[in-house]
Amino acid sequence: MPSSPLANAFAAPAQPPSIDSELTRIRAMVDRAQFLEALSELAQLVAREPRNSKVWLHIGFVYVRMSIWPQAMDALQMALEIEPRMPNAQRLLALALFSTGRRQEACDLIDDACRHAKNENTHWMTRAYIHSHTSSDPLKSLEVARDWGRRFADPLTRNAKPFPPRDRNPRKKLKVGYVTADFRQHSVAFFMRPVLEHHNPDNVEIHVYSSGRPDAMTAKLRALVPHWHDVVEQTDDQLYEQIRADGIDVLVDLSGFTLGHRLEVFARRAAPVQVTWLGYMHTLGMKAMDYRLVDGGIAPPSHAPYYSENLFQLHYMAQLRTARGFTVVRRASHAAQWSSDPHLAEQFSQADR
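Residues numbered from 1 in each chain as written. Predicted model: local features only at pLDDT ≥ 70, side-chain atom pairs only at ≥ 80, totals over all residues. Heavy atoms only, no water.

Peer 1: Could you give an account of the nonpolar core, naming the residues involved and the relevant values?
Peer 2: By size, the foremost hydrophobic cluster in this structure holds 70 residues, and its most contacted members are I59, W148, I243, L251, F257 and M286. Beyond its immediate sequence surroundings of up to four residues, I59 is in contact with L39, L42, V46 and A75. Within the second largest apolar cluster, 30 residues are counted, among which are L196, L221, W277 and L278. (Core = buried A, V, L, I, M, F, W, Y, C linked by side-chain atoms within 4.5 Å. Buried < 20%, exposed > 50% of the residue type's maximum accessible area, 1.4 Å probe, protein only. Contact = heavy atoms within 4.5 Å.)

Structure below.
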């Protein structure tokens, strides 16, 4: 027998969605760079549960992604007041402190966070990033990078599958793959455009594995590449399998410890020769990265002990197209290298979701 309208009038009101399900929806908005919309939704959740540490963590995360550091620190400190050992709140607060010049405080906080989050990949990468950009001692940069590499990259390398037999003819056309999230309006794209324009197709077959969100610059670069692969939705295992199937001879990382990196793919040994270039000036501390492309201004041969990678010396490291042609760009090896949107702000651990 159908229920009457009167009975429906006394039915229990529908329960609002759980906080966790709402946060999942909001994280998808952040992934689409809908930051203001996400903050509006988070404000409503704070009104519902003002002492929910996860909500304050997400507010802090959005402000970090927007590089609005004072509001980020306020929200993250609130999360830590409610839950003092919240791993990602500590990590993001360390990044905010670093970004506002409070670098020693950032080092102390990220060290403490890592002591209590021994298995958190992103924490240890954040630690390597912050210490490398704080200390003037290049051996410190190597030490903290290797702390990350030993825990998270090198175990994958030890379990890497052997490569099938390959054509070792020195005259064969090499397959070169570039892995990046920065073929967009980004400095890496500006430096790489002349490289892509001047590859000789008789000698090399170029593949790009792009993990970034496309824009107008992406379209310009894509027109220069015969084999372009959008891999933003692929897992590291899937990307590794694709690169292996493509038979790439030389795989080039253009990200280092920055947003959108795929270093775990390199750790799995996706190609016989693996190289890092341009995206990150400090060492990565991982055994699977064979070479770093440098020049004498960036890292002279005498600096080899400060890098886990072999230094491959170029005549000059990069050119930048200008209205007057090409300009050689060099940078002192001790100069600060800043990425305004590092990977270190990108992820939450499962424990904080």
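Peer 1: Outline the packing of helix α7 (residues 103–115) against helix α8 (residues 121–132), supporting the account with residue identities and numerical values.
Peer 2: Across the interface, α7 lies against α8 with an axial gap of 9 Å and an inter-helix angle of 155°. Between α7 and α8, the interaxial angle falls into the category roughly antiparallel. Of the two elements, α7 crosses α8, and the hand of that crossing is left-handed. Taking contact as the criterion, the partners of A106, C107, I110, D111, A113 and C114 in α7 are, on α8, H123, W124, T126, R127, I130 and H131. (Axes fitted to C-alpha atoms, helices over the stretch in contact; angles between N-to-C directions. Helix = DSSP H or I, 4+ residues; strand = E, 2+ residues; numbered from the N terminus. Parallel < 35°, antiparallel > 145°, perpendicular 65-115°, else oblique. Left-handed = near helix turned anticlockwise from the far one by under 90°.)

Peer 1: Could you give an account of the side chain of S255, with specific residues and numbers?
Peer 2: Residue position: S255 is located in the loop between β4 (250–253) and α13 (263–267). With residues near it in sequence (within four places) discarded, S255 still touches V179, T180, A181, D182, H261, G279 and Y280.

Peer 1: So what's going on with the environment of L80? Which residues, and what values?
Peer 2: By the secondary structure assignment, L80 is in helix α5 (residues 69–82). L80 sits in the buried class, given a relative accessible area of 14%. Linking L80 and Q90, residues 10 residues apart in sequence, is a C-alpha distance of 7.5 Å. What L80 contacts, discounting residues up to four positions off in sequence, is M86, A89, Q90 and L93.

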